[in-house]
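Single-letter residue listing:
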Amino acid sequence: MSSVVATRLEVVFRVLTSTFAATGAMFFLFPNDFVGALNDVGAFLQLPPAPDLQGLWLLLGRAYLVAVTAVAFLIAGDPIGRRSMMVPLGLGTAAGSLMALVYFFAFERYFLHLAAFFLAGTLAAMVLGAWVVASREALKGGSSSGAAV
């Protein structure tokens, strides 16, 4: 790949990183205001407002599960060489676990939230453990593709 192409792709992914982070922050910090702003645009387009966030969260949750399934599938093809992909997989899973625990204590004390905390936390611990093992193996020269940690 030419350095010009690599540089352009780097810019694209830095813009995507900023966009994903900003959107995530808006959803996290101001969920009702964010949806309200989207409903305002919808009203301008003569579309009815979404009544609440539940449907949107279900859509985003399903999309997240598709993404993490794809990442896990790609890692499975070369766990040592693709170990760097374990980091975002583990971070996303750990974040979901911790958010479930926070929601349990801050808002609604449902077993569902505790179950999500324990399940996602267990998965995050498994991914972190796998990353440690894969990184050690790569240091011994076991990486098939030589990808960075």
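Quick note: structure is the one above.
My aim in this report is to walk through the structure given alongside it, one point at a time. Just so it is clear, the model here is predicted, and its values are computed rather than measured. (Residues numbered from 1 in each chain as written. Predicted model: local features only at pLDDT ≥ 70, side-chain atom pairs only at ≥ 80, totals over all residues. Heavy atoms only, no water.)

Looking at the environment of Ala25
Heads up, the rule is: Helix and strand definitions here come from DSSP, where helices need a minimum of 4 consecutive H or I residues and strands a minimum of 2 consecutive E residues; each element is numbered from the N-terminal end. For each residue, the accessible area found with a 1.4 Å probe, counting protein chains only, is set against the maximum for its type, and the residue is called buried under 20%, exposed over 50%, and partly exposed in between.
Topologically, Ala25 is positioned in helix H1 (residues 3-29). By relative accessible area, which is 34% here, Ala25 ends up partly exposed. Residues Ala25 and Gln54, 29 residues apart in the sequence, show an inter-C-alpha distance of 18 Å.

Describing the packing of aromatic side chains
The line we're drawing: For Phe, Tyr and Trp, rings pair up if their centres lie within 6.5 Å, where Trp contributes its six-membered ring, and each pair is then called stacked (planes under 30 degrees apart), edge-to-face (over 60) or tilted (otherwise).
Under the counting rule described, the total for this entry stands at five aromatic pairs. With 4.7 Å between their ring centres and 40° between their planes, Tyr103 and Phe107 make a pair best called tilted. Exposure remark for Tyr103: the relative accessible area of 36% places this residue in the partly exposed category. Residue classification places Phe107 among the exposed residues on the basis of a relative accessible area of 57%.

Observations regarding a nonpolar patch on the surface
Short version of the rule: Two distance rules govern patches: like charges are joined within 9 Å, and nonpolar side chains (Val, Leu, Ile, Met, Phe, Trp, Tyr) within 5 Å, applied only to residues with over 30% relative accessible area and no salt bridge. For every accessible area listed, the method is Shrake-Rupley and the probe measures 1.4 Å; residues are considered covered only by the protein chains on display. Salt bridges are counted wherever a side-chain nitrogen of Lys or Arg sits within 4 Å of a carboxyl oxygen of Asp or Glu.
The grouping of Val5, Leu9, Val12, Phe13, Leu16 and Phe20 at the surface amounts to a nonpolar patch, some 550 Å² of accessible area in total. Locating Phe13 in the fold gives a position in helix H1.

Points about the side chain of Arg83
Spelled out, the test is: Two residue types count as positive, namely Lys and Arg, and two as negative, namely Asp and Glu; His and chain ends fall outside the count. Polar contacts here mean pairs of N or O atoms no more than 3.5 Å apart (in protein, one a potential hydrogen donor and the other a potential acceptor; neighbouring residues in sequence count only if both atoms are side-chain atoms).
Among the structural elements, Arg83 can be located in the loop between helix H3 (54-77) and helix H4 (86-106). Among buried charged residues, Arg83 stands out as having no salt bridge; its nearest opposite-charge side chain is Asp78, 7.3 Å away. Within the structure, Arg83 has its side chain in polar contact with the backbone oxygen of Ile80 (distance 2.6 Å).

Quick look at the pattern of salt bridges
Tallied over the entire structure, the rule returns two salt bridges. Taking the shortest distance from any N to any O, the salt bridge between Glu10 and Arg14 comes out at 3.1 Å. A residue pair is termed a helical-turn pair when its members lie 3 or 4 positions apart in one helix, as Glu10 and Arg14 do in helix H1 at four residues. Judged by relative accessible area, Glu10 falls into the partly exposed class, the value being 43%.

A short note on helix H2 (residues 31-44)
The periodicity of an α-helix, 3.6 residues per turn, causes residues three or four places apart in sequence to face the same way. Note the cut-off: Any helix carries an expected span of 1.5 Å times its number of residues minus one. What the arc describes is the spread of directions from the helix axis to the C-beta atoms.
Along its 14 residues, H2 runs 20 Å from first to last C-alpha, staying within 8% of the 20 Å computed at 1.5 Å per residue. Turning to H2, its buried residues number three or more, namely Phe34, Val35, Asn39 and Gly42. Buried residues of H2, viewed axially, fall in a sector of 140°; they line one side. Residues Asp33, Asp40 and Phe44 are exposed on H2 and point more than 90 degrees away from its buried face.

Focus: the side chain of Ser135
The residue Ser135 is located in helix H5 (residues 111-139) in this model. For Ser135, a relative accessible area of 11% gives the class buried. Separated by 2.8 Å, the side chain of Ser135 and the backbone oxygen of Trp131 make a polar contact.

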